[in-house]
Amino acid sequence: MPYLKLIELGTHSATEVHGDVARMGRSPDCTVGLSGAHLDVVSALHAEVRHGSTGWQLKDLGSRNGTFLNGHRLTGEARLRAGDVIGLGETGPRFSVAAVADVLEATLPERPGLGAPERHTPAEARAYGVTLLAASTGRRYEARGVRIRLGRGRECEVRPVDASDTIVSRVHAELTVGSTSGLVVRDAGSTNGTFVNDEPVTDPVPVRLGDRIMLGKGGPVLIVEGLGTAPGLPAAPRRLHVGQKTLRAMIGEAMARAKRRLVAWVAVLVLVLGAGVYGVYWLVSGEVQETERERRTAGDSARLETERLRRELGAARAAAAPAALVESLRVQLRVAEASTADLRATLARAQTALSSQLAAGEQRRLAAQAEVQRLRDELAAAQRRGCAPSARATSRPSHSRAKAP
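Along each chain, residues carry numbers from 1 onward, in the same order as the chain's sequence is written. Local features in a predicted model are, by the rule used here, given only for residues with pLDDT of at least 70; side-chain atom pairs are given and counted only at 80 or more, and totals for whole chains, interfaces and linings are based on all residues. Remark: hydrogens and water are excluded; side-chain values derive from all non-hydrogen atoms of the structure.

Draft legend 1. Expanded view of the packing of aromatic side chains. Under the pairing criterion, centres of Phe, Tyr and Trp rings, with the six-membered ring standing for Trp, must be within 6.5 Å; the plane angle then separates stacked pairs below 30 degrees from edge-to-face pairs above 60, leaving the rest tilted. All told, the structure shown has 0 aromatic pairs when counted by the stated rule. The ring centre of Phe 195 lies 4.9 Å from the NZ or CZ of Lys 217, which sits over that ring. The criterion for a charge sitting over a ring is simple: Lys NZ or Arg CZ within 6 Å of the ring centre, and within 35 degrees of the ring normal.

As structure tokens, then:
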């Protein structure tokens, strides 16, 4: 005979159903009694669970506020499984399906006293253990059982996001054991869909080591790091191989890291070159200013000496000094004038040399700027080359994974 066990999450009261039909509502005739708050949103005959050839089915009985299964409002009948959550209205009482079974009478042995033959566990009842690695945070999740739920609800065995996340549904996807004894993933009617290696999951898809399960487009990515039958899974083994798309993702991440390092090195080189150009320009400018000051000082000294000699010569002439003294002063004046001319020639040559140094410094500055621009162009070309493989990788047609029978 069929068997169903429901636990109200608010009061933790349990209800066992042993018949084929059980109704839920505020009416005293309902099989599942209600208590607690928010009963005003529940209709008299709100919903019913009925056992048939395909198992237990949940159906809304035309209630005002609707019946919800795992956070989704029912539009027709839905099959119940252990761990499902039934909600009467969006804010009404919620029931957890604790057990779903078809209880059969014990088989009588044809020959009492003989040992019972070996019993084989069906593939669907075989428990699995799985280790999932969150790609964004590096956190690991371990779960075991015949049905492992992924989502943001508290009833899920793996919750990679907070309850406030809107991309991931309350019960987003499930890991179950397929008929071929392998672990498969299926979408649990989520809003944003489930993806395995970037392929949308429409039917149960076999799961292998290294596969990437994404909950919603742009949602959290879980990498299958280890799996095996429980309880023989004390620690999840490291994955031995990766799929084609996982390898592409790893190559893309390596290229992105190399591009970031290249950008950093080019930025440092640009800063060093800029600092060098500025230092050379500052040194040359300082030398020019110092030379100009020395030239002005030397010129002023020469003019003062010439004026002094002229004044002394004039004074000697006015005082009718001896001819020898006048001639001596005249010779000193010519020598001073010759020294002044030599100094002017030397200053002119120094000015020419400084002009040449300034021109050479300007050429070095222009060459450094050209080198900086060349490095920027090479950086832009490297970035374009880095983006091109990712675009080609995403444009290649991917091979769909074989569906589980």
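Draft legend 2. View of the pairing of strand β14 (residues 173-177). Using a 1.4 Å probe on the protein chains alone, a residue whose accessible area is under 20% of its type maximum counts as buried, one over 50% counts as exposed, and one in between counts as partly exposed. Note on conventions: DSSP H or I runs of at least 4 residues are helices, E runs of at least 2 residues are strands, and numbering of each starts at the N terminus. Summarising burial for β14: 5 of the 5 residues are buried, a large majority. Side chains Ala 173, Leu 175 and Val 177 project from β14 onto one buried face, and the interleaved Glu 174 and Thr 176 project onto a second face that is buried too. Two strands pair under a simple rule: DSSP has to find at least two bridges between them. The pairing of strand β13 (residues 147-150) with β14 spans 4 bridges and is antiparallel. Across the sheet, residue Arg 149 finds its bridge partner in β14, namely Glu 174.

Draft legend 3. Focus on the nonpolar core. Throughout this description, the term nonpolar core refers to a set of buried Ala, Val, Leu, Ile, Met, Phe, Trp, Tyr and Cys residues connected via side-chain atoms within 4.5 Å. If you look at the biggest cluster of nonpolar residues, it comprises 25 residues, and the most contacted ones within it are Leu 132, Leu 150, Val 158, Leu 175 and Leu 222. Of all the secondary-structure elements, those providing two or more residues to this core are β11 (128-134), β12 (140-145), β13, β14, β15 (183-187), β19 (212-215) and β20 (221-229). In terms of residues, this core owes the most to one element, β11, which gives 4 residues. Note on contacts: a residue pair qualifies if any of its non-hydrogen atoms lie within 4.5 Å across the two residues. Excluding residues that lie within four positions of it along the chain, Leu 175 makes contacts with Val 130, Leu 132, Val 146, Arg 147, Ile 148, Leu 183, Val 184, Val 185, Val 207 and Ile 213. One finds Ala 22, Leu 58, Leu 88 and Val 97 within the second-largest nonpolar core, a separate group that totals 21 residues.

Draft legend 4. Expanded view of the pairing of strand β1 (residues 2-8). Burial analysis of β1 places 5 of its 7 residues in the buried class, the great majority of the element. Here β1 runs beside strand β2 (residues 14-17); their pairing, made up of 4 bridges, is antiparallel. Within β2, the position partnered with Leu 6 by the bridge is Thr 15. Hairpin remark: β1 followed by β2, antiparallel, with 5 residues in the connecting loop; positive phi at His 12, about 60°.

Draft legend 5. Molecular detail of the sheet that holds β14. Read from one edge of the open sheet, 4 strands run β13-β14-β15-β18, paired in antiparallel fashion. Lying at the two open borders of the sheet, with one neighbouring strand each, are β13 and β18 (205-206). Bridge count for β14 against β15 is 5 bridges, and the pairing is antiparallel. For Val 177, the partnering residue across the bridge sits in β15 and is Leu 183.

Draft legend 6. Molecular detail of a nonpolar patch on the surface. There is a patch of nonpolar side chains on the surface, built from Tyr 278, Trp 282 and Leu 283 and spanning about 420 Å² of accessible area. We classify Tyr 278 as exposed; its relative accessible area is 58%. Two distance rules govern patches: like charges are joined within 9 Å, and nonpolar side chains (Val, Leu, Ile, Met, Phe, Trp, Tyr) within 5 Å, applied only to residues with over 30% relative accessible area and no salt bridge. Method for areas: the Shrake-Rupley scheme with a 1.4 Å probe, in which residue coverage is limited to the protein chains shown. Any Lys or Arg side-chain nitrogen found within 4 Å of a carboxyl oxygen on Asp or Glu counts as a salt bridge.

Draft legend 7. Molecular detail of unusual backbone geometry. Notably, Asn 70 is not glycine yet its phi reads approximately 55°, a positive angle. Tracing the chain through its elements places Asn 70 in the loop between β6 (67-69) and β7 (72-73). What makes Asn 70 buried here is its relative accessible area of 9%. Backbone geometry at Asp 198 places phi at a positive 70°, although glycine is not the residue there. Looking at the secondary structure, you find Asp 198 in the loop between β16 (194-196) and β17 (199-200).

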